[in-house]
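Single-letter residue listing:
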Amino acid sequence: MEKVDKIYLDIDGVIRGVASPREDIVAFLRYCLDNYPGAVYWLTTHCRGGENHVAAALRGEFDDEFVNELCSKVLPTEWGALKTEAIDMDSDFVWFDDNLFESEKMVLEQNYVLDGFFLMKPRDPEMAKKALEFLNGFKK
Ligand SMILES: [Mg+2]
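Conventions used here
- Residues numbered from 1 in each chain as written.
- Predicted model: local features only at pLDDT ≥ 70, side-chain atom pairs only at ≥ 80, totals over all residues.
- Heavy atoms only, no water.
- Donors = N, O, S within 2.8 Å, 3.2 Å for Na, K, Ca; no water.
- Helix = DSSP H or I, 4+ residues; strand = E, 2+ residues; numbered from the N terminus.
- Buried < 20%, exposed > 50% of the residue type's maximum accessible area, 1.4 Å probe, protein only.
- Pairing = 2+ DSSP bridges.
- Right-handed = clockwise from strand over helix to strand, strands pointing away.
- Contact = heavy atoms within 4.5 Å.
- 1 Å grid on protein atoms, 1.4 Å probe; cavity = no way out; pocket = protein on both sides within 12 Å on 5 of 7 lines; lining within 4 Å.
- Points joined across faces, edges and corners; volume = space filled by probe spheres on them.
- Nonpolar A, V, L, I, M, F, W, Y, C, P; charged D, E, K, R; others polar.
- Polar contact = N/O pair within 3.5 Å; in protein donor to acceptor, adjacent residues only side chain to side chain.

What to know about the coordination of the magnesium ion
- Those protein atoms acting as donors to the magnesium ion are Asp-10 (OD), Asp-12 (O) and Asp-98 (OD), and they sit at 2.0 to 2.2 Å.
- The motif formed by the donor residues of the magnesium ion, counted along the single chain, is D-x1-D-x85-D. Taken together, the positions of Asp-10 in the loop between strand S1 (6-9) and helix H1 (22-35) and Asp-98 in the loop between strand S5 (93-97) and helix H4 (102-110) put the pair 88 residues apart, joining distant regions of the chain.
- On the basis of relative accessibility, which here comes to 5%, the residue Asp-10 falls in the buried class.
- A relative accessible area of 28% places Asp-98 in the partly exposed class.

Below is the structure:
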């Protein structure tokens, strides 16, 4: 994988409820929005089965203006049991999540795209920085 077509973002344990400083999380999200316009997707239980509660989940985490921007620019996904249902397996994607179910891992393996999964460690205060650095390593 040399480039990134799509970015999938979990919320809890990735951009909320994490040890990374707020400014680092904002920098990571800013980087995603600015470098991958129209290609960043929510992949979270807050947006699932046709319901989107992301705005409520993020309210108070970041300033209102940034929450509004995130909600207008990051696209919703449709999934039910497994998050992999929402992933475009033909794209070069990065999926940032703090958890990967065995069943989801199997789907990624079957599609030869396990390298698109990036494990976030919520307790690591450097995590948001590492995620940004990881993205920064790809061609634009
Ligand atoms: Mg999570």
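Next, the rest of the story.
What about the pairing of S1?
- The alternating pattern of S1 places Lys-6 and Tyr-8 and Ile-7 and Leu-9 on opposite faces, both of which are buried.
- Relative to S5, S1 runs parallel, the two sharing 4 bridges. Bridge pairing links Ile-7 to Val-94 in S5.
- Across 3 bridges, the pairing between S1 and strand S2 (residues 40-42) is parallel. Bridging from a neighbouring strand, Ile-7 pairs with Val-40 of S2.
- What joins S1 to S2 is H1, and the crossover it makes is right-handed.

Some thoughts on the pairing of S5
- With 5 of 5 residues buried, S5 lies mostly within the body of the structure.
- Burial along S5 is two-sided: the face carrying Phe-93, Trp-95 and Asp-97 and the face carrying Val-94 and Phe-96 are both buried.
- The pairing of S5 with strand S6 (residues 117-119) spans 3 bridges and is classified as parallel. Bridge assignment links Phe-96 to a residue of S6, and that residue is Phe-118.
- In this region the chain leaves S5, passes through H4 and returns to the parallel neighbour S6; the handedness of that crossover is right-handed.

Structural notes on the environment of Arg-16
- As for its position among the elements, Arg-16 is in the loop between S1 and H1.
- On the basis of relative accessible area, Arg-16 is assigned to the partly exposed category, the value being 23%.
- Along the backbone, Arg-16 and Gln-110 are 94 residues apart, and their C-alpha atoms lie at a distance of 30 Å.
- In this structure Arg-16 touches Ile-11, His-46, Ala-57 and Glu-61, once residues within four positions along its chain are discounted.

Side note on the layout of surface pockets
- In this model, the largest pocket occupies a volume close to 160 Å³.
- Around the largest pocket, the lining residues are Asp-10, Asp-12, Thr-45, Trp-79, Ala-81, Lys-83, Asp-97, Asp-98, Asn-99, Leu-100, Phe-101 and Glu-104.
- Per-class residue counts for the lining of the largest pocket are 4 nonpolar, 2 polar and 6 charged.

A closer look at the side chain of Asp-124
- Here Asp-124 shows up in the loop between S6 and helix H5 (127-136).
- Reaching out from Asp-124, the side chain makes a polar contact with the side chain of Lys-130 at a distance of 2.5 Å.
- Not counting residues within four places of it along the chain, the set of residues in contact with Asp-124 comprises Ala-19, Ser-20 and Lys-130.

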